[in-house]
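# Observations on the model geometry
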Amino acid sequence: MMGQQVLVLNQNIKRESGRKVQTGNISAAKTIADVIRTCLGPRAMMKMLLDPMGGIVMTNDGNAILREIQVQHPAAKSMIEISRTQDEEVGDGTTSVIILAGEMLSVAEQFLEQQMHPTVVISAYRQALEDMLDTLKDISNAVDPNDRSMMLKIIHSAINTKALSRWSELACSIALDAVKTVEREDNGRKEIDIKKYAKVEKVPGGFIEDSCVLRGVMVNKDVTHPRMRRMIKEPRIILLDCSLEYKKGESQTDIEISREEDFAKILQMEEDYIQQICEDIIRLKPDLIFTEKGISDLAQHYLMKANITAIRRVRKTDNNRIARACGARIASRTDELREDDIGTGAGLFEVKKIGDEYFAFVTECKDPKACTILLRGASKEILAEVERNLQDAMQVCRNVLLEPYLLPGGGAVEMAVSKRLMERSRALTGVEQWPYRALAQALEVIPRTLIQNCGASTIRVLTSLRAKHTQDNSASWGVNGESGALADMAALGIWEPLAVKAQTYKTAVETAILLLRIDDIVSGHKKKGEDQTGGGQGAE
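Attention here is on the structure that accompanies the text. (Residues numbered from 1 in each chain as written. Predicted model: local features only at pLDDT ≥ 70, side-chain atom pairs only at ≥ 80, totals over all residues. Heavy atoms only, no water.)

Structurally, the position occupied by N399 is in helix α12 (residues 380–402). Exposure remark for N399: the relative accessible area of 5% places this residue in the buried category. Excluding residues within four positions of it along the chain, N399 makes contact with V90, P497, A499 and V500. (Helix = DSSP H or I, 4+ residues; strand = E, 2+ residues; numbered from the N terminus. Buried < 20%, exposed > 50% of the residue type's maximum accessible area, 1.4 Å probe, protein only. Contact = heavy atoms within 4.5 Å.)

What follows is the structure, given as structure tokens:
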């Protein structure tokens, strides 16, 4: 009996365990990090990706690239997830998070080879993360969110690494204006909802310089009747989410008619109903109506006689935006309309033709709490990239408004934190000090990559940067990403929000810990006939 093999797991399940898994995970993480290593910094290269549908994505935004890559290795998948988390949480630093996590795992590799237990490495990493966050708070400077030039500098350093950097003046002011517009304070709590109230409308054609933030909202619709006014100064606006047509029965209704006059009566009733609805509206003397549903021809006729412009089938999100911009309330029944439901905050309504589509603009609002960003550009791909960059810029701006603390950019923070961790590691005893020190060295990957990307001599610059950081009051010295020389980030005006950096470190270290914890991968096999598509090394 002893010699017989006992099968516990299913035959066609593949199981890897122990050291092999850890090296596999680490190499997968490294592969992912290498893919977007060249996308860091102002000299970043673009990547061009073909998605399965045949569309083209051209970008250097870490998250956008990894979204399109199909990988099979489970560790690589979790790497891709973290860049998405970073993008959703703070909007910037998607590339750095992947590079850092990849580096942290690769410095852990030597300890695992020396038979050190993963949990020892993990607890050292945990300790280091806490110290990193403390150091960040020490280095950070408070900033006044109302200081426009400072805010523009912060956004500028976020945009500088993107394709938009040529128009960075324009882009910075667009992002700042948009975020300032949608900012609201409720009972001392700031609420900045970019997703709902700052809509980006992309219209191909024209130049990027024509892009602007509208003091109001724009909808991709034309007026419903050709004889309605296309331009109204200081319109009174009514927003509805009910239809202006005869209400059909909810369930199927059959009407049997025995006399001919009854049919005429029914038709008359329908007309009276619509006339009643329109009179409810006309009673308030509006100039402009937006409704989310349809408007029948008869209703159009009545409204046109009253000289009211109507626009139908507006999206619900657009309707909410118009409500925030001009101060109207959305009414769901016409007979409940009151004077204070009318929005009078807008200064101008006009319908313009841009490209070959008609757009309705509600602009020149007095105190808009929603806005539309109008982007122009040569092609769809460029517009998509510009939109991604703007989203990043607006997120960065939002982070600073919510948490007004800054850190120097350009790898300066990493060097300062690394130096601080090195000092702390001397106080540690036992085995843990080695992984702790290794993590401090892993942080240097950010300035190193910056130097590599602009083609300077890596070793020389890094060594002189280390030497610089040993002096006092030089925590803001980093790498000038354009030239690869050392520079004082405070003088260059390159700043990053604390929220972004803290989130980057947390996410990177947590992921490294997560992947080091894994010592067994059990994977159900595919059927034999299918071709295996691999993603990087260690892919199955």
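As a further point, take the packing of helix α1 (residues 19–35) against helix α3 (residues 74–89). α3 packs onto α1 with a crossing angle of 45 degrees between their chain directions and a minimal axis gap of 8 Å. Between α1 and α3, the crossing angle belongs to the class labelled oblique. Once α1 is placed against α3, the crossing between them reads as right-handed. Side by side, α1 and α3 meet where N25, A28, A29 and I32 of the first sit next to A75, A76, M79 and I80 of the second. Its residues assigned to classes, the contact of α1 with α3 shows seven nonpolar, one polar and no charged. (Axes fitted to C-alpha atoms, helices over the stretch in contact; angles between N-to-C directions. Parallel < 35°, antiparallel > 145°, perpendicular 65-115°, else oblique. Left-handed = near helix turned anticlockwise from the far one by under 90°. Nonpolar A, V, L, I, M, F, W, Y, C, P; charged D, E, K, R; others polar.)

Within helix α14 (residues 433–442), seven of the ten residues are buried, leaving the element largely enclosed by the surrounding structure. Within the span of α14, buried status applies to Q433, P435, Y436, A438, L439, A440 and A442. Among the structural elements, α4 (94–113), α5 (118–139), α13 (412–425) and α15 (445–453) are those in contact with the buried residues of α14.

Let us now look at empty space enclosed by the protein. Under the criterion given, the structure shown has one cavity of 30 Å³ or more. Each pocket or cavity is described by its volume, and for the largest cavity that value is around 50 Å³. Forming the walls of the largest cavity are L164, L170, A171, I174, I208, S211, L375, V386 and L390. Taken together, the elements giving at least two residues each to the lining of the largest cavity come down to α7 (168–182) and α12. Among the elements that make up the lining of the largest cavity, the one with the highest residue count is α7 (three residues). (1 Å grid on protein atoms, 1.4 Å probe; cavity = no way out; pocket = protein on both sides within 12 Å on 5 of 7 lines; lining within 4 Å. Points joined across faces, edges and corners; volume = space filled by probe spheres on them.)

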